[in-house]
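# Observations on the model geometry
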Amino acid sequence: MDAGGTAQRRRREMAAAISGAGRCRLSKAGAGRRPPPARVRVAVRLRPFVDGTDGAGDPPCVRGLDSCSLEIANWRNHQETLKYQFDAFYGEKSSQQDIYAGSVQPILRHLLEGQNASVLAYGPTGAGKTHTMLGSPEQPGVIPRALMDLLQLTREEGGEGRPWALSVTMSYLEIYQEKVLDLLDPASGDLVIREDCRGNILIPGLTQKPITSFADFERHFLPASRNRTVGATRLNQRSSRSHAVLLVKVDQRERLAPFRQREGKLYLIDLAGSEDNRRTGNKGLRLKESGAINSSLFVLGKVVDALNQGLPRVPYRDSKLTRLLQDSLGGSAHSILIANIAPERRFYLDTVSALNFAARSKEVVNRPFTNESLQLRVLAPVKLSQKELLGRSEAKRARGPEEEGIGSPEPPAAPASASQELSPLQKLSSMDPAVLERLLSLDRLLGSQGSQGTHGLNTPRRERMVLMKTMEEKDLEIERLKMKQKELEAKVLAQEAVDPKDKENSSPTMLRPLACRAVTVAKPLKKAVVMPLQLIQEQVASPSAEIHILKKKGRKRKLESLDASEPEEKAEDCWELQISPELLAHGRQKILDLLNEGSARDLRSLQRIGQKKAQLIVGWRELHGPFSQVEDLERVEGISGKQMESFLKANILGLAASQR
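Residues numbered from 1 in each chain as written. Predicted model: local features only at pLDDT ≥ 70, side-chain atom pairs only at ≥ 80, totals over all residues. Heavy atoms only, no water.

### Looking at the packing of aromatic side chains
Overall, the coordinates contain six aromatic pairs when judged by the stated rule. Between Phe 217 and Phe 221, the ring centres sit 4.9 Å apart and the planes meet at 20°, which makes this aromatic pair stacked. Taken together, the positions of Phe 217 and Phe 221, both in helix α5 (residues 214-225) and four residues apart, correspond to about one turn of that helix. Residue Phe 217 is classed as buried on the basis of its relative accessible area, which comes to 2%. By relative accessible area, which is 6% here, Phe 221 ends up buried. Following the ring pairs from residue to residue traces out a cluster consisting of Tyr 172, Phe 214, Phe 217 and Phe 221. (Phe/Tyr/Trp six-rings, centres within 6.5 Å; stacked < 30°, edge-to-face > 60°. Helix = DSSP H or I, 4+ residues; strand = E, 2+ residues; numbered from the N terminus. Buried < 20%, exposed > 50% of the residue type's maximum accessible area, 1.4 Å probe, protein only.)

### Let's talk about helix α2 (residues 96-104)
For α2, the full list of buried residues reads Gln 96, Ile 99, Tyr 100, Ser 103 and Val 104. Each buried residue of α2 sits inside an arc of 100° when the element is viewed along its axis, so together they form one side. Those residues of α2 that are buried lie in contact with β2 (41-46), β6 (88-90), β7 (116-122), α3 (129-133), α4 (142-157) and β17 (333-341). (Arc of directions from axis to C-beta. Contact = heavy atoms within 4.5 Å.)

### Focus: the environment of Pro 124
With respect to the helices and strands, Pro 124 occurs in the loop between β7 and α3. Since its relative accessible area comes to 1%, Pro 124 is described here as buried. Setting aside chain neighbours within four positions, we find Pro 124 in contact with Lys 129, Gly 273, Ser 274, Asn 340, Asp 350 and Ala 354.

### Some remarks on the packing of α2 against α4
Where α2 contacts α4, the two axes come as close as 10 Å, and the packing angle between them is 55°. Between α2 and α4, the crossing angle belongs to the class labelled oblique. Note that α2 runs across α4; the crossing there is right-handed. Where α2 abuts α4, its residues Gln 96, Gln 97, Tyr 100 and Val 104 lie against Val 142, Arg 145, Ala 146 and Asp 149. Partitioning the contact of α2 with α4 into residue classes produces four nonpolar, two polar and two charged. (Axes fitted to C-alpha atoms, helices over the stretch in contact; angles between N-to-C directions. Parallel < 35°, antiparallel > 145°, perpendicular 65-115°, else oblique. Left-handed = near helix turned anticlockwise from the far one by under 90°. Nonpolar A, V, L, I, M, F, W, Y, C, P; charged D, E, K, R; others polar.)

### Focus on the sheet that holds strand β5 (residues 81-85)
Taken together, the three strands give an open sheet; going across it, the order is β3-β4-β5, and neighbouring strands pair in antiparallel fashion. The strands lining the two open edges of the sheet, one partner per strand, are β3 (62-64) and β5. Pairs of neighbouring strands in the sheet enclose a mean axial angle of 25°, with direction left out of account. Across three bridges, β3 lies against strand β4 (residues 69-73) in antiparallel orientation. Across the sheet, Gly 64 pairs through a bridge with Leu 70, a residue of β4. Sheet strands in contact with helix α9 (residues 348-361) are β3, β4 and β5, and its direction is about 145° off that of β4. (Pairing = 2+ DSSP bridges.)

### Some details on the pairing of β7
Along β7, seven of the seven residues are buried, which leaves the element largely enclosed by surrounding structure. Burial along β7 is two-sided: the residues Asn 116, Ser 118, Leu 120 and Tyr 122 and Ala 117, Val 119 and Ala 121 are all buried. Where β7 and β17 come together, seven bridges link them in parallel fashion. Within the sheet, the bridge partner assigned to Leu 120 lies in β17 and is Leu 337. Judged from the five bridges that link them, β7 and strand β16 (residues 260-270) form a sheet pairing that is parallel. For Val 119, the partnering residue across the bridge sits in β16 and is Leu 268.

Structure follows, in structure tokens:
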């Protein structure tokens, strides 16, 4: 490749790195520095010819040049070839061990550092993807070899005396026709894919099985593999009809302070192959399955193109497959893509398409980081016996009089030495045995030297003593309240037993029962009408004019006393609306003149008369003549009798205010 091509590729890598940095989210451990980029590594595997197929005797359309490059015939010009260069190329004679040791095994070490890794098998149908991932009992594939080595690493790193405690869990799922199905629990149905606050992809409800050995893995994995959907086509008798994803999670917990936690995830993905329905002969359900597979692989290609071009939006959500591979492509995982191709000429177009996808995928840049967090060490709860909680006197009372008379006092136990004395640290049963033994030896050493111990070691004991003292005080308070309640009940019973005649001569200190509380009726709200300022001033200036709008009126009501013998009367103030007769007559005349002579616009000046009612009044006046009195409005359609009183009061007050 020339210098110009190298510079152009470097610019694309930098653009992809910048776009990938905006998409990934750093954990707490990586905050403050930018994680280094890691390009997606691509390996190509060429399977051998399959015996008994058409074209088995023809020369291959693909030829390997060295361990990293290959060439394929150019379909536009048969005298030329197209050359591709990848991170690794495995020819027809390559074994399963060569592929695993050369491409997959180096990334397992990242899981122990709290980072994610993924291995994807890509290629057309019948190219050998499932054989590469699963293999056979004689030639195990990537999945069994990776699990065997990973479990061995966790046993070595999580052994006694090591600073980290490791645990491994597995989950197995398939994406069949855009449905996420749990292969470990097929009855769970379609699952959803979520994203947590740190940008990690997770599937709520997915079954997780803890594994400690390879036998545990086989016990869960082999039955689940039989649940995967497969079918027969013209090109493959056991064609995978879904994308299978094996998720292995490695959890690490630090045994000493500061008690950090790490989580690494390994995705082992066997993608379903793209299919040409003209050659596979798919019909009915197989045709529908093929459409779902090709659609998800097409979205996968769009995601790779968007990452290479540095587009602001990457279509991860357009497919369940790409949503699940968000960490593997442009995310935070060390990714390995194994592109499987076939040498037969009838697979030429599929082989060229797979090589082009692999060439674009190697330009994708991920940014792995360590998923690490700090977990506060929670002390185990202190379990106290009933005797310790209730105290000596309460425990004696709880045993009862029978046990007190029969049981004999036990001889006091011999005092334990300082080294054998129960330490609060012995309550920490969840702590690692090696760390607990060290802390206990330190506690015994401090006790042998006559020291009272450090503040941190004595804290659980002090809290226990304070808790016991507080509980004893609460018990005494409860006993006092019970005695007081009994005294009050006895006095009430004695008072009920006394005759009514003796009731008068009874002691004045005798408590009387509480009287029933008098039931009162809520006071009505005081209502007032706001008058114009000019009208109020003229009313004050001429007190002889009786234009009082509101008048204060007293009203009495009866209340039941405590003895219910004499009803008490209490006066209340209320307000009622009173209009002087002159003002009422004048206002009625003004309204009547307006009804007989006013236009529809003039009628709308009256309150509660709108455009519709004004037109009704004018029409009724033209048909029946002028109104004789204001109450004739009830005969007009749309005006009820119930509204007449409020209509008169509102308009009379308004006319009076405008006149003044």
